[in-house]
Amino acid sequence: MLFRSSSTQIWITDVSDPMDFGPATDETGTNPTQFSRENLLALLTAELAAKRQRYDLVLDNYLNTARTTRDEAVVTRAFSAAQFLKDEKAFAEMALLWAEIAPDNVEVQQQAAFELIRARRLPEALTHMERVLELEGPTSFDRVAVHAKMLNEEERTQLLDLYRQILDRHPENGELRYGYAVLQELNNQPQQALQTAR
């Protein structure tokens, strides 16, 4: 099988069928990459390993090649392999890398935000959610605010300030306003929370 970079074809595994490690068709990427001989060998080895159901080797090779090439096709392939193997660390790493190289992809930005929420890296999650908001996709500002109860006082204060800054830029967003009110309540500001929620 001939591997193609994101300049000609994207490798994306349908999450509804995670056993399928085959390439998706009719997908065009935006990050053409000239692969070195070493990278091509690693990709070929990974595909042969997939046929033998050696998915650990598939993941290892795709992760290393994704880090080296930053090619979107390779990153999506590594993302799918990590998802299938339930390797949360690798999955989160590839979600963030994919978001970095595909800043206009709403679903990718959403996934990066979700992984950052899970890792309690809430300020970083907000950055990706604001990007989703700018792309007119569904966000999770209310969800992040609820997760803030796990944070210490200093972290909650920092998050409250970040929400205020984003709300200043997007004052009409109801979900963001609700999240800000939740954070005010968590920061012992009940009266301000009521005012915000109105």
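Here, the structure is the one placed above.
The paragraphs below set out a description of the structure included in this document. (Residues numbered from 1 in each chain as written. Predicted model: local features only at pLDDT ≥ 70, side-chain atom pairs only at ≥ 80, totals over all residues. Heavy atoms only, no water.)

1. Section: the overall build of the protein chain
When you go through the protein chain residue by residue, the secondary structure sums to 10 helices and 0 strands. In sequence order, the protein chain lays out its α and β elements as α-α-α-α-α-α-α-α-α-α. Split into buried and exposed, the 198 residues of the protein chain put 46% on the buried side. Partitioning the contacts of the protein chain with sequence separation of at least 6, the portion at a separation of at least 24 is 53%. (Helix = DSSP H or I, 4+ residues; strand = E, 2+ residues; numbered from the N terminus. Buried < 20%, exposed > 50% of the residue type's maximum accessible area, 1.4 Å probe, protein only. Contact = heavy atoms within 4.5 Å.)

2. Re the side chain of Glu130
Mapping Glu130 onto the fold places it in helix 6 (residues 122-134). We classify Glu130 as buried; its relative accessible area is 11%. In this structure Glu130 touches Phe141, Ile166, Arg169 and His170, once residues within four positions along its chain are discounted.

3. Some words on helix 8 (residues 153-169)
Taking 1.5 Å per residue as the helical rise, helix 8 with its 17 residues ought to reach 24 Å, and the 25 Å between its terminal C-alpha atoms agrees with that figure. Among the residues making up helix 8, those that are buried are Arg156, Leu159, Leu160, Tyr163, Ile166 and Leu167. Down the axis of helix 8, the buried set is contained in an arc of 130°. They therefore lie on one face. Among the exposed residues of helix 8, those oriented more than 90 degrees off its buried face are Glu154 and Asp168. Buried residues along helix 8 sit in contact with helix 6, helix 7 (141-147) and helix 9 (174-186). Of the residues flanking the start of helix 8, the one acting as N-cap is Asn152, its side-chain oxygen 3.1 Å from the backbone nitrogen of Glu154. (Expected span 1.5 Å × (residues − 1). Arc of directions from axis to C-beta. Polar contact = N/O pair within 3.5 Å; in protein donor to acceptor, adjacent residues only side chain to side chain.)

4. Looking at the pattern of salt bridges
Two side chains carrying opposite charge are able to pair once their charged atoms lie near each other. Tallying each qualifying case throughout the model produces 10 salt bridges. The shortest N-O distance in the salt bridge between Arg54 and Asp56 comes to 3.2 Å. Take Arg54: its relative accessible area is 41%, and that puts it in the partly exposed class. Asp56 sits in the partly exposed class, given a relative accessible area of 46%. The partner of Arg164 in a salt bridge is Asp161, with the nearest N and O atoms 2.8 Å apart. Pair noted here: Arg164 and Asp161 are both in helix 8, with a separation of 3 residues, about one helical turn. Put simply, Asp104, Arg131 and Glu134 are held in one network by salt bridges that share partners. (Salt bridge = Lys/Arg side-chain N within 4 Å of Asp/Glu carboxyl O.)

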